[in-house]
Amino acid sequence: MGKELLEIPPDTPVYTGSVTDIGCHIKLLLYYNGSELIKKTDLTVEQLKDFKFHKGYTYWISIVGLNDTEKVQEIGKIFELHDLTVEDIVNVHERPKIEDFDDYLFVVVKELLFDRESLKIDFRHIPMVLKDNIFITFSEEWTGIFDFLLKRLEKSKSRLRQRKSDYLCFSAIDVVIDKYFKIFEEIGEVVEDMEDRVLKEPDETLVEQVHYLKRELIFVRRNIWPLREIINDIIKADYTFIYEPTKVYFRDAYDHTIQIIDTLESFRDILSGLLDVYLSSLSNKMNEIMKTLSIIGTIFIPLTFIAGNYGMNFRYMPELYWHYGYFAVLISYVVIASGLIIFFKKRKWF
Amino acid sequence: MGKELLEIPPDTPVYTGSVTDIGCHIKLLLYYNGSELIKKTDLTVEQLKDFKFHKGYTYWISIVGLNDTEKVQEIGKIFELHDLTVEDIVNVHERPKIEDFDDYLFVVVKELLFDRESLKIDFRHIPMVLKDNIFITFSEEWTGIFDFLLKRLEKSKSRLRQRKSDYLCFSAIDVVIDKYFKIFEEIGEVVEDMEDRVLKEPDETLVEQVHYLKRELIFVRRNIWPLREIINDIIKADYTFIYEPTKVYFRDAYDHTIQIIDTLESFRDILSGLLDVYLSSLSNKMNEIMKTLSIIGTIFIPLTFIAGNYGMNFRYMPELYWHYGYFAVLISYVVIASGLIIFFKKRKWF
Amino acid sequence: MGKELLEIPPDTPVYTGSVTDIGCHIKLLLYYNGSELIKKTDLTVEQLKDFKFHKGYTYWISIVGLNDTEKVQEIGKIFELHDLTVEDIVNVHERPKIEDFDDYLFVVVKELLFDRESLKIDFRHIPMVLKDNIFITFSEEWTGIFDFLLKRLEKSKSRLRQRKSDYLCFSAIDVVIDKYFKIFEEIGEVVEDMEDRVLKEPDETLVEQVHYLKRELIFVRRNIWPLREIINDIIKADYTFIYEPTKVYFRDAYDHTIQIIDTLESFRDILSGLLDVYLSSLSNKMNEIMKTLSIIGTIFIPLTFIAGNYGMNFRYMPELYWHYGYFAVLISYVVIASGLIIFFKKRKWF
Amino acid sequence: MGKELLEIPPDTPVYTGSVTDIGCHIKLLLYYNGSELIKKTDLTVEQLKDFKFHKGYTYWISIVGLNDTEKVQEIGKIFELHDLTVEDIVNVHERPKIEDFDDYLFVVVKELLFDRESLKIDFRHIPMVLKDNIFITFSEEWTGIFDFLLKRLEKSKSRLRQRKSDYLCFSAIDVVIDKYFKIFEEIGEVVEDMEDRVLKEPDETLVEQVHYLKRELIFVRRNIWPLREIINDIIKADYTFIYEPTKVYFRDAYDHTIQIIDTLESFRDILSGLLDVYLSSLSNKMNEIMKTLSIIGTIFIPLTFIAGNYGMNFRYMPELYWHYGYFAVLISYVVIASGLIIFFKKRKWF
Amino acid sequence: MGKELLEIPPDTPVYTGSVTDIGCHIKLLLYYNGSELIKKTDLTVEQLKDFKFHKGYTYWISIVGLNDTEKVQEIGKIFELHDLTVEDIVNVHERPKIEDFDDYLFVVVKELLFDRESLKIDFRHIPMVLKDNIFITFSEEWTGIFDFLLKRLEKSKSRLRQRKSDYLCFSAIDVVIDKYFKIFEEIGEVVEDMEDRVLKEPDETLVEQVHYLKRELIFVRRNIWPLREIINDIIKADYTFIYEPTKVYFRDAYDHTIQIIDTLESFRDILSGLLDVYLSSLSNKMNEIMKTLSIIGTIFIPLTFIAGNYGMNFRYMPELYWHYGYFAVLISYVVIASGLIIFFKKRKWF
Ligand SMILES: [Mg+2]
Ligand SMILES: [Mg+2]
Ligand SMILES: [Mg+2]
Ligand SMILES: [Mg+2]
Ligand SMILES: [Mg+2]
Ligand SMILES: [Mg+2]
Ligand SMILES: [Mg+2]
Ligand SMILES: [Mg+2]
Ligand SMILES: [Mg+2]
Ligand SMILES: [Mg+2]
Ligand SMILES: [Mg+2]
Ligand SMILES: [Mg+2]
Ligand SMILES: [Mg+2]
Ligand SMILES: [Mg+2]
Ligand SMILES: [Mg+2]
Ligand SMILES: [Mg+2]
Ligand SMILES: [Mg+2]
Ligand SMILES: [Mg+2]
Ligand SMILES: [Mg+2]
Ligand SMILES: [Mg+2]
Ligand SMILES: [Mg+2]
Ligand SMILES: [Mg+2]
Ligand SMILES: [Mg+2]
Ligand SMILES: [Mg+2]
Ligand SMILES: [Mg+2]
Ligand SMILES: [Mg+2]
Ligand SMILES: [Mg+2]
Ligand SMILES: [Mg+2]
Ligand SMILES: [Mg+2]
Ligand SMILES: [Mg+2]
Ligand SMILES: [Mg+2]
């Protein structure tokens with residue numbers, strides 16, 4: 001990006017992702033009603049252009065590959081999408097949102113990805129268009145969470161088959177949310193593991209990891225809060241293609257986003273608390289180390305001084321010639337050491 | 001959970017709790033009016049199916065055992081509950097909420113459980129359905145707080161007997177809230193005990209415990225704030241089965257939730273402050289330890305050097321042959337030590 | 001409390017305070033208009049029952065002693081108070097609030113008490129009922145702030161005498177607020193004293209006291225914020241017994257609560273800042289202590305080594321036989337010590 | 001104050017300031033229209049009483065000296081001010097606010113005063129009354145910021161002369177706000193100076209000063225936030241004596257208060273950050289000090305031990321009689337010291 | 001500024017920037033419709049005065065040089081701008097805002113400037129006026145971001161050419177926002193670099209830089225939050241010269257500002273976290289340093305004492321004459337050292 005960004009007019013589609021080896025095509029074109037389900041896969045954009053849509057079916061079109069922006073623009077033209085929508089479809093950095101373009105509804109959600117080894121959290125951009133009986137999902141590559149949708153759709157008795165495109169849209173958002181739960185469970189295990197370690201074997205890599213995870217969660221937060229607003233919007237606003245009976249399902253999804261946000265905030269609180277525990281544990285260790293050194297030092301330093309004193313080579317040092325001089329010194333060792341030990345005991349140093 | 005979660009359609013009931021040895025049954029079926037009270041216990045779902053409800057009574061049905069989701073679904077069918085309600089009944093992780101399904105009101109509250117030894121806080125999932133003159137409570141196992149309700153109901157002069165199902169619903173929520181007070185009193189004692197310890201005998205286990213309790217309170221918070229919204233909702237919204245004279249009682253319950261939230265926030269503030277006091281106490285101790293070592297070290301190090309100097313075996317060291325050399329050294333010990341002690345006194349080191 | 005709490009029906013009055021030696025009685029029954037003022041003291045509840053109220057007077061009834069809940073219930077019956085109001089009157093833990101019961105207004109405020117020695121802050125529960133031309137105050141014992149009201153009432157030219165019961169209610173709340181100012185002035189002096197000490201003679205008891213005062217202020221906060229809402233409510237809502245000309249006085253009282261809240265928040269901010277100053281001062285001292293030890297140690301340790309070296313008893317140590325060997329060592333002392341002192345000076349250690 | 005405060009009825013004027021040597025008088029009585037300007041100074045309250053006001057002029061009356069509350073009450077009677085307004089005029093602790101008394105508008109603002117040496121921030125209480133074509137300002141003593149207003153008024157072509165009393169009121173508030181800018185510039189310089197010092201020559205007085213300035217800014221905050229609300233109120237509410245064309249000027253003043261609030265919050269953020277930098281700099285220094293001591297100590301302690309060992313006077317110590325014993329020890333010194341230096345280098349201690 | 005500021009009437013234009021060598025002139029006067037584009041550069045204010053505007057074109061006038069306030073006032077007169085608008089045009093410290101003056105819309109935005117070396121962030125003041133078909137931008141000097149606008153305008157097929165002045169206004173704001181993205185990318189790299197350094201090679205300059213960048217971001221925040229409000233305002237309010245079809249573009253710009261705010265808050269969170277990591281890393285190092293010193297010290301101090309003891313010159317010290325005395329001492333060295341090493345190992349010190 002950089003200078004070029006400033007030269008690009010605001011509604012020019014620019015692909016900002018990194019999956020460039022998948023040409024844009026129609027991975028799936030599915031249409032169904034209660035009794036029938038027809039499934040076509042891997043159509044070209046040209047084939048889509050020639051396809052006829054009928055009122056009696058609900059259509060799910062899954063577009064895969066966003067790097068070929070010209071193809072995406074062509075698809076945009078087929079469904080009469082606004083240039084800004086096409087731009088948002090190919091901009092994988094676009095935040096989750098909902099936009100009403102009178103004759104269609106545009107929704108962006110993010111699938112959550114987590115690598116437990118590196119603690120790296122990523123997001124997969126999933127724009128969606130709901131236009132009457134047609135529901136279109138976009139993604140850089142075919143994502144596994146759509147498999148689950150597909151399986152349910154194939155059962156002719158499933159509620160999905162009985163209902164319209166708005167319920168299909170809800171179901172797509174719902175699997176995305178369920179993925180958050182799945183991953184938050186994993187993150188929860190990581191956090192609990194960190195809590196165990198901070199108490200049992202704290203080391204510096206822990207601080208790094210806590211910092212890293214906190215940092216990653218900042219970005220999760222940026223994607224979850226808007227998700228909650230999107231669903232709230234669907235419940236409260238009166239969008240043309242969202243029908244009343246489906247709203248109770250979105251209300252359920254709303255509950256889930258609240259639960260996810262609560263969990264996220266708990267993670268943040270716990271991780272912040274961990275740093276405090278870690279620091280207090282460091283301070284504690286330091287105290288113990290210094291206490292040990294101080295006790296040893298404080299006891300032996302005076303004794304060594306006494307020994308040093310009688311190691312001097314002055315010709316006239318009467319004590320050296322006393323018969324019990326050495327034994328007197330040995331006794332003074334014991335007296336001083338005992339005195340200091342009693343002193344430390346009284347101060348509860350050990 | 002995990003992968004499977006993503007495969008489950010959104011309204012499939014999945015039991016998420018751990019009490020699996022109690023089959024789902026009707027622990028209690030109670031109906032009453034001002035003059036009569038009939039109580040049946042331990043009915044099967046089939047018996048419930050055949051039961052006839054009349055207008056002249058208020059019914060309280062307490063369902064126990066949520067792991068047998070099919071039975072819960074059957075009960076759902078008897079009372080015409082939405083699939084999503086049934087799902088929320090058996091999902092013990094569902095957060096507190098209120099949902100209006102036109103012909104019934106669905107409320108989820110959480111009974112608070114606290115183990116003072118381990119500081120572990122738990123929640124018991126208590127979904128409730130209020131449908132005209134029928135009030136249904138669900139729980140994984142029979143909970144003691146319902147005993148109190150039962151006792152009051154059995155007194156024919158109690159207000160409970162004079163009033164309708166909405167007052168019964170209020171009373172059920174009220175005992176749940178009273179349980180919060182009872183447990184918060186215990187937590188308050190734990191917190192006060194921690195405050196005493198941080199000042200008198202701070203050790204590292206205290207930090208662990210403070211961290212742990214703070215962490216547990218995060219989860220309490222997640223369950224109390226929605227409770228407040230639920231009750232506020234009942235007061236403000238115009239639900240079909242909540243009558244005006246009962247609202248003043250809910251207003252009283254609202255007061256209680258505010259008081260509980262206030263107390264919770266106080267706990268959090270106090271616990272956060274405790275960590276600061278602990279750290280400052282550690283720093284203080286460190287200062288004292290180092291001061292002791294430094295005073296001893298700083299006084300004896302120069303003396304030991306002097307002694308060492310005259311312990312050298314050079315042939316030509318005139319001082320060694322001075323008659324009062326040794327006494328001069330002894331005097332230099334006193335002078336140096338006194339000087340340093342005055343120096344430390346002036347700096348207010350002791 | 002405990003288990004019993006759960007067994008008590010929600011509208012059963014339970015006295016939660018500690019003043020049990022004062023039987024419930026009518027400490028004061030005062031009625032007045034612009035020209036007349038009649039004052040009766042120490043009536044029994046039975047005498048109150050027989051008392052006739054007239055339209056032409058404003059009545060102030062001050063009930064003292066809340067532990068005899070049956071008596072309070074009887075009084076409740078005389079004035080037709082809701083059972084929940086009676087419960088809130090005897091529950092001294094009830095938070096400040098305002099409740100409109102159509103035919104009367106129920107207000108709870110808290111008198112602030114402060115013991116400067118122990119820094120302990122307490123609250124005296126003062127419920128109030130405003131019912132047409134009758135204004136009733138309750139308290140566990142006769143509180144001095146009512147003396148001031150009484151004195152003003154006795155002056156026949158005072159505004160209090162010219163106005164109605166709503167102005168009397170305002171005046172009662174106003175003296176409660178004035179008490180907050182008085183005590184906040186004392187707390188302000190304590191805080192300033194703490195600030196002086198943290199800079200001049202910080203010790204660990206200071207941390208304890210700061211923590212304790214912060215903790216007490218948390219509870220003050222819980223009682224002041226609702227007070228502000230109460231008064232705002234009186235100004236904004238349209239309560240039957242609060243007349244328009246009195247609202248400008250409540251607007252003045254509102255100003256005062258804002259001022260009190262501002263002051264409270266300042267105290268909290270300053271106390272939090274104090275801990276930081278204290279910790280930085282501890283760190284500073286530690287640095288100074290360690291610097292002193294390090295300078296002494298670093299200078300003498302090499303010198304002592306040199307001395308030790310020439311204290312060895314090897315037969316063949318040529319230096320020992322050099323004529324100026326000892327003087328060479330003395331010079332090396334000076335050189336090394338000077339070098340280290342210059343090194344420390346350059347690093348600005350002293 | 002204290003006990004007495006509680007005895008004072010709510011609308012009794014009590015002067016709470018410290019300027020008691022200025023009797024209350026009319027410092028300035030100015031009236032003007034586009035063509036004429038008449039200026040009278042130092043009138044007594046009696047002279048004001050006899051003064052006749054006309055419709056064709058705009059009047060500015062500046063009252064100086066608030067300690068003579070009786071005189072202020074008399075002035076209040078002349079302009080029919082509410083007793084509460086008079087009380088607020090003489091209470092210099094009254095916070096900034098706006099109050100609409102139907103036939104006049106009462107505004108309180110605070111002039112900011114800053115002493116750069118002591119970092120002390122003070123406020124000068126400036127109540128204002130706007131009543132039709134009369135604008136009255138009060139202050140404990142004549143403040144310089146009114147000189148600027150006066151100068152502008154004296155220019156017959158100034159906008160002030162063309163417009164009405166509401167513009168005069170705006171102008172008075174505007175000079176107060178401009179004073180905030182002027183002083184915030186000075187505070188900004190102080191803050192920048194503190195930032196320089198924390199990096200270059202941090203010492204403990206810096207912490208004191210940062211704490212003190214933060215503390216003073218808390219009080220500034222208490223006076224600025226209400227100022228913003230006052231101006232917003234003037235723009236949004238429909239006050240009788242504020243005409244539409246003047247509102248655009250208040251909108252400009254609103255911008256300025258936002259800018260001032262932004263700046264204040266920046267100061268607070270920066271000062272908070274400074275403490276962190278200071279503490280991390282202390283920790284850094286401590287590390288360096290301890291590293292130096294540790295390196296010296298760790299290197300010489302073993303060497304000194306070796307020297308000590310061969311300083312023992314055992315009769316049978318074979319090494320002492322080896323010809324190259326001493327040289328072996330010297331070599332061991334070099335080997336041990338080099339080894340430790342390499343060890344420290346590897347650990348990157350220097 | 002200073003005293004003078006207080007003397008300046010509120011609507012007097014005062015140039016507050018530092019670019020004084022560019023006289024005020026019309027850098028660009030461009031007018032176009034779908035088919036035509038006429039571009040004039042470097043006109044004087046006098047030439048502008050004589051210029052005739054027509055309905056059939058959209059005009060973009062770019063004024064450069066704000067220090068000559070009289071010229072700016074003249075331009076203000078040509079377009080009938082309010083005096084307050086002219087003042088805000090030349091006051092480069094004016095915060096971002098939108099103001100509706102019935103016959104024109106006044107917008108202030110800030111171009112972001114960042115110097116990666118010094119981490120210094122600056123803002124370029126860009127006031128804009130939208131008056132029917134005329135769009136005027138002001139700036140202290142010609143800014144490069146307008147070049148991009150110009151290039152797009154010159155393409156006759158660009159959307160800019162097809163649309164009206166409101167779209168031109170949007171495009172100008174949009175390039176300003178794109179600049180934020182560009183610079184935030186650079187800041188993001190700086191922040192990531194800081195994160196690397198805190199883990200790999202933390203030093204004190206890092207703290208300075210983190211503090212400095214945090215401080216600079218405070219000021220960025222002050223300019224971005226109002227930007228978001230401006231755009232929200234344009235979408236929500238019904239401004240005369242913003243037409244409905246352009247609002248969808250502003251909605252897109254709104255998305256961008258949210259994204260920028262999110263990113264800014266992430267930077268702040270990460271930088272705050274960095275300080276914690278840095279401090280914990282310092283504490284860790286300190287612990288390691290002290291552990292090394294303590295281990296060495298604690299092992300050798302007792303040994304050195306033993307050596308010192310047998311270095312005393314008492315005549316009667318039986319051990320000295322034992323044949324294996326020296327070897328006994330050597331063995332005691334090994335025993336003591338091993339014992340201490342085992343002790344440390346057990347405590348997991350190394
Ligand atoms: Mg964040
Ligand atoms: Mg976001
Ligand atoms: Mg759910
Ligand atoms: Mg939840
Ligand atoms: Mg939250
Ligand atoms: Mg903390
Ligand atoms: Mg939390
Ligand atoms: Mg929750
Ligand atoms: Mg209550
Ligand atoms: Mg409370
Ligand atoms: Mg809170
Ligand atoms: Mg704190
Ligand atoms: Mg609090
Ligand atoms: Mg409260
Ligand atoms: Mg007042
Ligand atoms: Mg105030
Ligand atoms: Mg606050
Ligand atoms: Mg702090
Ligand atoms: Mg503050
Ligand atoms: Mg205030
Ligand atoms: Mg301005
Ligand atoms: Mg600003
Ligand atoms: Mg703020
Ligand atoms: Mg901070
Ligand atoms: Mg800020
Ligand atoms: Mg600003
Ligand atoms: Mg976008
Ligand atoms: Mg974003
Ligand atoms: Mg945000
Ligand atoms: Mg923030
Ligand atoms: Mg922090």
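Please read all numbers here as calculations on a predicted model, not as lab measurements.

### Points about the overall build of chain A
Next up, step 1: The secondary structure content of chain A amounts to ten helices and seven strands.
Next up, step 2: For chain A, whose C-alpha radius of gyration is 35 Å, the value lies well above the compact-globule estimate of 20 Å for 350 residues.
Next up, step 3: A principal-axis box enclosing the C-alpha atoms of chain A has dimensions of 120 × 45 × 30 Å.
Next up, step 4: By residue count, 59% of the 350 residues in chain A fall in the buried class.

### Structural notes on the interface of chain A and chain E
Next up, step 1: In this complex, chain A contributes 64 residues to the contact, which on the side of chain E involves 64 residues.
Next up, step 2: Taking both partners together, chain A and chain E bury about 5700 Å²; carbon and sulfur atoms supply 62% of that area.
Next up, step 3: At the boundary of chain A and chain E, one finds seven salt bridges.
Next up, step 4: Notably, a salt bridge pairs Asp262(E) with Arg222(A), separated by 4.0 Å at the nearest N-O pair.
Next up, step 5: The tally of links from chain A across to chain E stands at 18 residue pairs in polar contact (both at pLDDT 80 or more).

### Details of the environment of Arg161(C)
Residue and element names in this part refer to chain C.
Next up, step 1: On the secondary structure map, Arg 161 appears in helix H6 (residues 159-162).
Next up, step 2: As for Arg 161 and Trp 225, which are separated by 64 residues in sequence, their C-alpha atoms are 31 Å apart.
Next up, step 3: Within the local environment of Arg 161, its side chain forms a polar contact with the backbone oxygen of Asn 33, the two atoms lying 3.1 Å apart.
Next up, step 4: Here the side chain of Arg 161 touches Glu 36 through a polar contact of 3.3 Å, landing on its backbone oxygen.

### Structural notes on the UniProt feature "transmembrane region" (unreviewed entry) in chain A
Residue and element names in this part refer to chain A.
Next up, step 1: Within the UniProt annotation, "transmembrane region" (unreviewed entry) is assigned to residues 293-312 and 324-344.
Next up, step 2: Across residues 293-312, the secondary structure splits into 85% helix and 0% strand, with the terminal C-alpha atoms separated by 28 Å.
Next up, step 3: This span, residues 324-344, is 95% helix and 0% strand, and a straight line between its end C-alpha atoms measures 30 Å.

### Considering the relation of the copies chain B and chain A
Next up, step 1: Between chain B and chain A, the superposition needs a rotation of 72 degrees and an axial shift of 0.1 Å, giving an RMSD of 0.1 Å. Read as a symmetry element, the transformation amounts to a five-fold axis. Minimal C-alpha separation from the rotation axis in chain B is found for Gly311(B), amounting to 4.6 Å.
Next up, step 2: Different-surface contact between copies: only 14% of interface residues of chain B are shared with the interface of chain A.

### A few points about the relation of the copies chain A and chain E
Next up, step 1: Mapping chain A onto chain E is achieved by rotating through 72 degrees and translating by 0.0 Å along the same axis, at an RMSD of 0.1 Å.
Next up, step 2: Counting the interface residues of chain A, we find that no more than 14% of their copies in chain E are interface residues as well, pointing to two distinct contact surfaces.

### Description of the interface of chain B and chain A
Next up, step 1: Facing the 63 residues of chain B at the interface are 64 residues of chain A.
Next up, step 2: At the junction of chain B and chain A, the tally comes to seven salt bridges.
Next up, step 3: Between Lys97(B) and Asp255(A) there is a salt bridge, and its shortest N-O distance comes to 2.5 Å.
Next up, step 4: Applying the counting criterion to the chain B and chain A interface returns 18 residue pairs in polar contact (both at pLDDT 80 or more).
Next up, step 5: Of all the secondary structure elements, the ones that give two or more residues to the side of chain B that touches chain A are helix H1 (3-7), helix H4 (83-90), strand E4 (97-101), helix H8 (204-236), helix H9 (244-309) and helix H10 (325-346) of chain B.
Next up, step 6: Per-element accounting of the side of chain B that touches chain A gives the leading share, 18 residues, to H9(B).
Next up, step 7: By residue class, the composition of the side of chain B that touches chain A is 34 nonpolar, eleven polar and 18 charged.

### So, the pattern of salt bridges
Between side chains of opposite charge, a pair can form as their charged atoms come close.
Next up, step 1: One pass over the full model with this rule turns up 120 salt bridges over all chains.
Next up, step 2: Among the salt bridges present, the one from Asp83(E) reaches Arg159(D), with a minimum N-O distance of 2.4 Å. Residue Asp83(E) is found in helix H4 (residues 83-90), and its partner Arg159(D) is found in helix H6 (residues 159-162); the two belong to separate chains.
Next up, step 3: Assessed through its relative accessible area of 25%, Arg159(D) is described here as partly exposed.
Next up, step 4: Taken together, the shared-partner salt bridges in this structure form one network comprising Asp88(A), Glu94(A), Lys97(A), Glu99(A), Arg251(E) and Asp255(E).

### Focus on the pairing of strand E5 (residues 104-115) of chain A
All names here are of chain A.
Next up, step 1: The buried fraction of E5 amounts to ten of the twelve residues, a majority that puts the element mostly inside the structure.
Next up, step 2: Across five bridges, the pairing between strand E4 (residues 97-101) and E5 is antiparallel. From the neighbouring strand, Phe 101 faces E5, where its bridge partner is Tyr 104.
Next up, step 3: The hairpin formed by E4 and E5 contains two residues between the paired strands, and Asp 102 there has a positive phi angle of roughly 45 degrees.

### Topic: the packing of aromatic side chains
Next up, step 1: Tallied over the entire structure, the rule returns 120 aromatic pairs over all chains.
Next up, step 2: Centroid distance Tyr167(A) to Tyr249(A): 5.1 Å. Interplanar angle 90 degrees. Geometry classified as edge-to-face. With a gap of 82 residues between them, Tyr167(A) in helix H7 (residues 165-200) and Tyr249(A) in helix H9 (residues 244-309) connect regions that are remote in the sequence.
Next up, step 3: Given a relative accessible area of 2%, Tyr167(A) falls into the buried group.
Next up, step 4: Between Phe343(E) and Phe344(E), the ring centres sit 5.6 Å apart and the planes meet at 65 degrees, which makes this aromatic pair edge-to-face.
Next up, step 5: Taking the relative accessible area as the measure of exposure, Phe343(E) reaches 33% and is therefore partly exposed.
Next up, step 6: Judged by its relative accessible area of 0%, Phe344(E) falls in the buried class.
Next up, step 7: Taken together through their ring pairs, the aromatic side chains of Tyr31(A), Phe51(A), Phe53(A), Tyr57(A), Tyr59(A) and Phe79(A) make up a single cluster.
Next up, step 8: In this structure, Arg251(C) packs its charged tip against the face of Phe101(D), placed 5.0 Å from the ring centre.
Next up, step 9: Between Arg163(D) and the ring centre of Tyr167(D), over which it is positioned, the NZ or CZ distance is 5.4 Å.

### Quick word on the arrangement of the chains
Next up, step 1: Chain E makes no contact with chain B, the minimum C-alpha separation between the two being 9 Å.
Next up, step 2: Between chain C and chain E there is no contact; the minimum C-alpha to C-alpha separation amounts to 9 Å.

### Description of a negative patch on the surface
All names here are of chain A.
Next up, step 1: Residues Glu 192, Asp 193, Asp 196, Glu 201, Asp 203, Glu 204 and Glu 208 make up a contiguous surface patch of negative charge.
Next up, step 2: Only H7 and helix H8 (204-236) provide two or more residues apiece to the negative patch.
Next up, step 3: Ranked by residues supplied to the negative patch, first place goes to H7 with three residues.
Next up, step 4: Looking at where Glu 201 falls in the secondary structure, it is placed in the loop between H7 and H8.
Next up, step 5: Taking the relative accessible area as the measure of exposure, Glu 201 reaches 53% and is therefore exposed.

### Some words on the sheet that holds strand E1 (residues 25-32) of chain C
Residues and elements named next belong to chain C.
Next up, step 1: Judged by pairing direction, the sheet is mixed, and its seven strands sit side by side in the order E2-E1-E3-E7-E6-E5-E4 without closing on themselves. Looking along the sheet, the strands with just one partner apiece sit at the ends: strand E2 (37-43) and strand E4 (97-101). Mean inter-strand twist for the sheet, computed between neighbouring axes without regard to direction, equals 15 degrees.
Next up, step 2: Looking at chain direction, strand E3 (residues 58-64) and strand E7 (residues 134-139) are connected through six bridges and run parallel. If you follow Ile 63 over to E7, its bridge partner there is Phe 138.

Analysis parameters
Residues numbered from 1 in each chain as written. Chains lettered and ligands numbered in written order. Predicted model: local features only at pLDDT ≥ 70, side-chain atom pairs only at ≥ 80, totals over all residues. Heavy atoms only, no water. Helix = DSSP H or I, 4+ residues; strand = E, 2+ residues; numbered from the N terminus. Rg over C-alpha atoms; globule rule 2.2 N^0.38 Å. Buried < 20%, exposed > 50% of the residue type's maximum accessible area, 1.4 Å probe, protein only. Contact = heavy atoms within 4.5 Å. Buried area = accessible area lost by both parts, 1.4 Å probe. Salt bridge = Lys/Arg side-chain N within 4 Å of Asp/Glu carboxyl O. Polar contact = N/O pair within 3.5 Å; in protein donor to acceptor, adjacent residues only side chain to side chain. UniProt positions renumbered as here; feature names shortened; annotations may be inferred. Least-squares fit on C-alpha atoms with pLDDT ≥ 70 in both. Nonpolar A, V, L, I, M, F, W, Y, C, P; charged D, E, K, R; others polar. Pairing = 2+ DSSP bridges. Phe/Tyr/Trp six-rings, centres within 6.5 Å; stacked < 30°, edge-to-face > 60°. Lys NZ or Arg CZ within 6 Å of the ring centre and 35° of its normal. Patch = residues over 30% accessible without salt bridge, like charges linked within 9 Å, V, L, I, M, F, W, Y side chains within 5 Å. Areas by Shrake-Rupley, 256 points an atom, 1.4 Å probe, with all protein chains shown as cover. Lys, Arg positive; Asp, Glu negative; His and termini not counted. Charge placed at Lys NZ, Arg CZ, Asp CG, Glu CD. Axes fitted to C-alpha atoms, helices over the stretch in contact; angles between N-to-C directions.

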